[in-house]
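What follows is each chain in one-letter form.
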Amino acid sequence: MTKMLASVRDRREVEIVLKGGADIIDLKDPDNGALGAVAPETIRDVVDFVAGVRPVSAACGDLPMEPEVLLREAGEIAATGVEYVKIGFFPSEHLPECIAALKGLAQQRKLIGVLFADHAYPDDLPAAFKEAGFHGIMIDTANKAGGRLLDHLSPDRIGGFIKSAHDLSLMVGVAGSLEAPDIPRLLVFAPDFLGFRGALCENQKRNAGISEEATAKIRALIPEERTPATDASRVDYQLLAARGYFPSPEDSKLGTDKIFVRDFVLPVQIGAYSFEHGKAQKVRFDVTADVLRVTLNPEDMRHVVSYDLIMDGIRTIVARGHVELAETLAEQVAAFILENPRVTRVVVRAEKLELGAGGVGVEIERRREAQSASKPRRSSPDTGAGAGTTHAHGGRKGSNS
Ligand SMILES: O=C[C@H](O)COP(=O)(O)O
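What you are looking at is a predicted structure, and each value in this text was computed from that prediction instead of being measured.

Here is what the cut-offs are and how they apply
- Along each chain, residues carry numbers from 1 onward, in the same order as the chain's sequence is written.
- Restriction of local features to residues with pLDDT of at least 70 applies here, the model being predicted, together with a cutoff of 80 or more for giving and counting side-chain atom pairs; totals for whole chains, interfaces and linings are based on all residues.
- Only hydrogens and water are set aside; all other atoms, that is, all heavy atoms of the structure, feed into the side-chain values.
- A run of H or I in DSSP becomes a helix once it reaches four residues, and a run of E becomes a strand once it reaches two; helices and strands are each numbered from the N terminus.
- Only heavy atoms matter for contacts: two residues are in contact if any of them lie within 4.5 Å across the pair.
- For every accessible area listed, the method is Shrake-Rupley and the probe measures 1.4 Å; residues are considered covered only by the protein chains on display.
- Two strands qualify as a pair provided DSSP detects at least 2 bridges between them.
- To obtain an axis, a line is fitted to C-alpha atoms, over the contacting stretch when the element is a helix, and the angle between two such axes runs from 0 to 180 degrees between their N-to-C directions.
- Cavity means a closed set of points on a 1 Å grid over the protein atoms alone, one where a 1.4 Å probe fits but cannot get out, pocket means an open set with protein on both sides within 12 Å along at least 5 of 7 lines, and lining means a residue has an atom within 4 Å of a point.
- Grid points are joined across faces, edges and corners, and a volume is the space filled by probe spheres set on the points.
- Under the grouping applied here, Gly and all other residues not named as nonpolar or charged are polar, the nonpolar ones being Ala, Val, Leu, Ile, Met, Phe, Trp, Tyr, Cys and Pro and the charged ones Asp, Glu, Lys and Arg.
- One fewer than the residue count of a helix, multiplied by 1.5 Å, yields its expected span.
- Accessibility here uses a 1.4 Å probe with only protein chains present; expressed as a share of the type maximum, an area under 20% marks a residue as buried, one over 50% as exposed, and anything in between as partly exposed.
- The arc in question is the one traced by the directions running from the helix axis out to the C-beta atoms.
- Domain borders in the structure are assigned automatically or taken from a domain database.
- In short, buried area is how much 1.4 Å probe accessible area vanishes from two parts on joining, totalled over both.
- The term salt bridge refers to a pairing of a side-chain nitrogen on Lys or Arg with a carboxyl oxygen on Asp or Glu at a separation within 4 Å.
- Contacts described as polar in this section are N or O atom pairs within 3.5 Å, which, within protein, must combine one atom able to donate a hydrogen with one able to accept it, while residues neighboring in sequence count only if both atoms come from side chains.

Q: Explain the overall build of the chain to me, please; I cannot follow it from the model alone.
A: Check the secondary structure of the chain and you find 13 helices and 13 strands. Taking all contacts inside the chain whose residues are at least 6 apart in sequence as the whole, residues at least 24 apart take part in 69%. Carbon and sulfur atoms form 50% of the exposed surface of the chain, whose accessible area is close to 17,300 Å².

Q: What am I meant to see in the sheet that holds strand S1 (residues 3-8) here?
A: By way of backbone hydrogen bonds, the strands of a sheet pair with one another, either parallel or antiparallel. Spatially, the eight strands close up into a barrel ordered S1-S2-S3-S4-S5-S6-S7-S8, and their pairing is parallel. Mean inter-strand twist for the sheet, computed between neighbouring axes without regard to direction, equals 25°. The pairing of strand S4 (residues 84-88) with strand S5 (residues 110-116) spans five bridges and is parallel. Counterpart to Val85 in the pairing with S5 is Leu111. Of the strands in this sheet, S5, strand S6 (136-140) and strand S7 (171-174) touch helix H8 (residues 155-167), which is tilted by about 160° from S7.

Q: Is there a simple way to explain the layout of surface pockets in this structure?
A: To locate leftover empty space, one rolls a probe as large as a water molecule over the atoms. Looking at the second largest pocket, its volume works out to about 370 Å³. In this structure, the second largest pocket is lined by 16 residues; those nearest its centre are Tyr121, Asp123, Leu153, Arg157 and Phe161. Counting only elements with at least two residues in the lining of the second largest pocket, the list comes to S5, helix H6 (125-131) and H8. Counting residues per element, the lining of the second largest pocket draws most heavily on H8, which supplies four residues. Considering only residue class, the lining of the second largest pocket consists of eleven nonpolar, three polar and two charged.

Q: Help me out: how do you make sense of helix H3 (residues 67-78) in this one?
A: Taking 1.5 Å of rise per residue, twelve residues should cover 16 Å, and H3 covers 16 Å from first to last C-alpha, within 8% of that figure. If you check which residues of H3 are buried, you get Val69, Leu70, Ala74, Ile77 and Ala78. Projected down its long axis, H3 shows its buried positions confined to an angular sector of 155°, all on one face. Exposed residues pointing more than 90 degrees away from the buried face of H3 are listed as Glu68 and Arg72.

Q: Which parts of the structure should I look at to understand the domain arrangement of the chain?
A: How big an interface is tends to be expressed through the accessible area that disappears when the partners come together. On domain assignment, one finds that the chain holds domain 1 (3-225) and domain 2 (251-394). Here the C-alpha centroids of domain 1 and domain 2 sit 34 Å apart. At the interface, nine residues of domain 1 touch nine residues of domain 2. Both faces considered, domain 1 and domain 2 share a buried interface measuring about 890 Å² in area, 72% of it formed by carbon and sulfur atoms. When the buried surface of domain 1 facing domain 2 is broken down by residue, Asp156, Arg185 and Leu221 rank first, second and third, together holding 46% of it. Our count for the domain 1 to domain 2 interface comes out at two salt bridges. A salt bridge links Asp312 to Arg185; the nearest nitrogen and oxygen atoms lie 2.6 Å apart.

Q: Whenever I open this one, helix H1 (residues 11-19) confuses me. Can you help?
A: Owing to its 3.6 residues per turn, the α-helix brings residues three or four apart onto one side. When H1 is considered as a whole, its buried residues turn out to be Glu13, Val14, Ile16 and Val17. Here the buried residues of H1 occupy an arc of 165° about the axis, which is enough to place them on one side. Those residues of H1 that are exposed and aimed more than 90 degrees away from the buried face are Arg12 and Lys19. Buried residues belonging to H1 abut S1, strand S2 (24-27), helix H2 (40-50) and helix H10 (212-220). Gly21 occupies a position one or two residues after H1 and carries a positive phi of about 95°.

Q: Help me understand the side chain of Ser306 in this model?
A: Note that Ser306 resides in the loop between strand S10 (281-292) and helix H12 (307-319). Judged by its relative accessible area of 8%, Ser306 falls in the buried class. Here Asp308 takes part through its backbone nitrogen, which lies 2.9 Å from a polar atom of the side chain of Ser306.

Encoded structure:
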């Protein structure tokens, strides 16, 4: 289950997000940096007020990477009685000592190591946090005026970060100026929580006050319960359906809309020839998906199937590495899109652009079986597609790879 973390600065804001259904109450002063600390008295007051109804976390401030400073400040926040202590780590040659210095405190409180997507770190940091006894890790952005998380990290890298944390049995959170359309894109990777401040505020300005309406909008996009996942890389579509993302069978009388992605060109490691190995070549993707409508008046992300999901899926499949055949690639994309129970039919065209004067490739059409069109299900990539109905090659180059 992915939880909703709401960053607030005082008790008045706590009341709004509690009422709005936030799962984790996170104390942070947005006027004081990415992880601005709230005064310990305020934190204590909030811990008393929340009284265990929800877990409370608190940030320690944007601190210098000095072991004794981190230990002192984190210790002060831990002493307020919060469940989670969020500690930001900025790139530094002293990171290993800083993380190791918190080993003792990690035995007493759940520490969350926060990394920033707009900075670069060594790959082995999650393992260092695990080794020091941290409870979890989180990715956020440091420069709140510098773009959203997804401006800094591609979906597959975010998915990789989440997976690396889960492989180490670390709790993992994702934040960074997230907005409503980002939510379905990130739920795909099943993080333990998504964190918000700006999106919960008046006019999405993180230094303005928390808005009841904005909080309700974000809450509505995150399923509140979840059945145990068998594959952490997949969305729990059953739950999303329950939250209104997907139509009931009656709603499917509303018919379908087509969503499409056109001329989406990515470098892809593809080809059966030896000269095609060890390098990438441009492939153009064109995708059209028939999507069951859920309402006559689409108003928010629950009512649509985002074309972002199609592009994210293609990027993720491409990032897996070399594929011999355009047909394989197209099948994988079609299967990925048909995992979404609102999609009844998909046409995928994958066209290699660098094998000469023209394009070569394949276009496939795949449908979901009629009876399961609106039924949420969890499927393996191979079972997502129904029986193929059309399979058109563009084979001017002789090979269909
Ligand atoms: O921990 C989550 C952060 O408070 C997110 O803040 P933001 O949405 O303004 O980037």
